[in-house]
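Next come the chains, spelled out residue by residue.
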Amino acid sequence: MEKVKFIFSGWVEHMMDHSMLQRLLLALVILVLAKVLLIVLKQAVTHAESRGFDAAARPLIYSLFSYCIYIVTLLLILHVLGVNTAGLVAMVGAASLAIGLALKDALANIASGLLLLFLKPFKARDYIECGNIKGNIVGIGLFNTTFKTVDGLFVSAPNSALWGQPIVNYSKNPLRRLEVTVGIDYGDSPEKALDIMRELVTGEELFLKKPEPQFFVSGLDESCVNVTFRAWARTQDYFNLRWKYTAEIRRRFAEENITIPFPQRTVHVVERPDLP
């Protein structure tokens, strides 16, 4: 019993040592300051987003600075507690080549994310296509970029996959050209079909007057004559106009007895009386 009391009293005296208490309190203060810095960082990123900062870059910026805060906090606490941080940093530096080789894919994703952030080939909510990936941008993270597809699916792609392939951004330019092609029967008048298209397009306020719309015969297929119109519109109106006028042209052609033929092939049977 006396031995237990001696051990316990020694531990209490050690914990009450003035220098040790100072170190523990200082480590606690560092932790609190790190927590405050993280809160301030989150509020600063949110404020910057409300002032026009691209929301897609928010995950990357927050992750980058928060990891820096974590690393600095850890080094400061170890230093305060008496750990030789200089030796630790030197050891990490000596092993940097091996670490770099082991984490080359992760580091490539970080570098690609920073390039995407600064070069800005897209921003939040842009609809892009990159390889087999299509969707609206949600955000660029430290290692991956997230999308939301048109049917509501969540897609996560490594940053290096986006940086290493051509990116088609359907939302970046404010204007986009709409092209609609319809095949009509060879027995129908292409001029009449083009006049109907011209009437529909010129009566739509969402189509731009400049550049002027174009109406022309675009091809001669096996079973139809292709008539086409091209007109410019705002990017946000593109799909609504495409859907609307595909259906509207079909309706007007039916009213004017212009046939949209099925693919067909004419077969001529030749009788040979000399053959059995």
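This text goes with the structure placed above it.
Values in this document were obtained by computation on a predicted structure and should not be read as measured data.

Rules behind the numbers
- Residues numbered from 1 in each chain as written.
- Predicted model: local features only at pLDDT ≥ 70, side-chain atom pairs only at ≥ 80, totals over all residues.
- Heavy atoms only, no water.
- Pairing = 2+ DSSP bridges.
- Helix = DSSP H or I, 4+ residues; strand = E, 2+ residues; numbered from the N terminus.
- Expected span 1.5 Å × (residues − 1).
- Phe/Tyr/Trp six-rings, centres within 6.5 Å; stacked < 30°, edge-to-face > 60°.
- Buried < 20%, exposed > 50% of the residue type's maximum accessible area, 1.4 Å probe, protein only.
- Lys NZ or Arg CZ within 6 Å of the ring centre and 35° of its normal.

**Quick notes on the pairing of strand β4 (residues 154-158)**
Reasoning step 1: When strand β3 (residues 144-148) meets β4, the two strands line up antiparallel, connected through 5 bridges. Each residue of the ladder has a partner; that of Asn-144, found in β4, is Pro-158.
Reasoning step 2: Turn length for the β3-β4 hairpin, with the two strands adjacent in sequence and antiparallel, is 5 residues, and the turn residue Gly-152 shows positive phi of about 85°.

**A closer look at helix α9 (residues 238-255)**
The α-helix advances 3.6 residues per turn, and as a result positions three or four apart in sequence lie on the same side.
Reasoning step 1: With 18 residues, α9 extends 26 Å between its outermost C-alpha atoms, agreeing within 8% with the 26 Å of an ideal straight helix rising 1.5 Å per residue.
Reasoning step 2: Asn-257 sits one or two residues past α9 and shows a positive phi near 60°.

**Focus on the packing of aromatic side chains**
The relative placement of two aromatic rings is captured by the distance of their centres and the angle of their planes.
Reasoning step 1: On inspection of all chains with the given rule, the structure shows 7 aromatic pairs.
Reasoning step 2: Aromatic side chains Phe-207 and Tyr-245 sit 5.4 Å apart centroid to centroid with 50° between the ring planes, which places their arrangement in the tilted category. Of this pair, Phe-207 sits in the loop between α8 (190-202) and β7 (214-220) while Tyr-245 sits in helix α9; the two residues are 38 residues apart in sequence, bridging distant segments of the chain. Like Tyr-245, Phe-207 is buried.
Reasoning step 3: Taken together, the aromatic side chains of Phe-207, Phe-215, Phe-229 and Tyr-245 make up a single cluster linked through ring pairs.
Reasoning step 4: The aromatic ring of Tyr-238 is capped on one face by Arg-176, whose charged end is 3.8 Å from the ring centroid.

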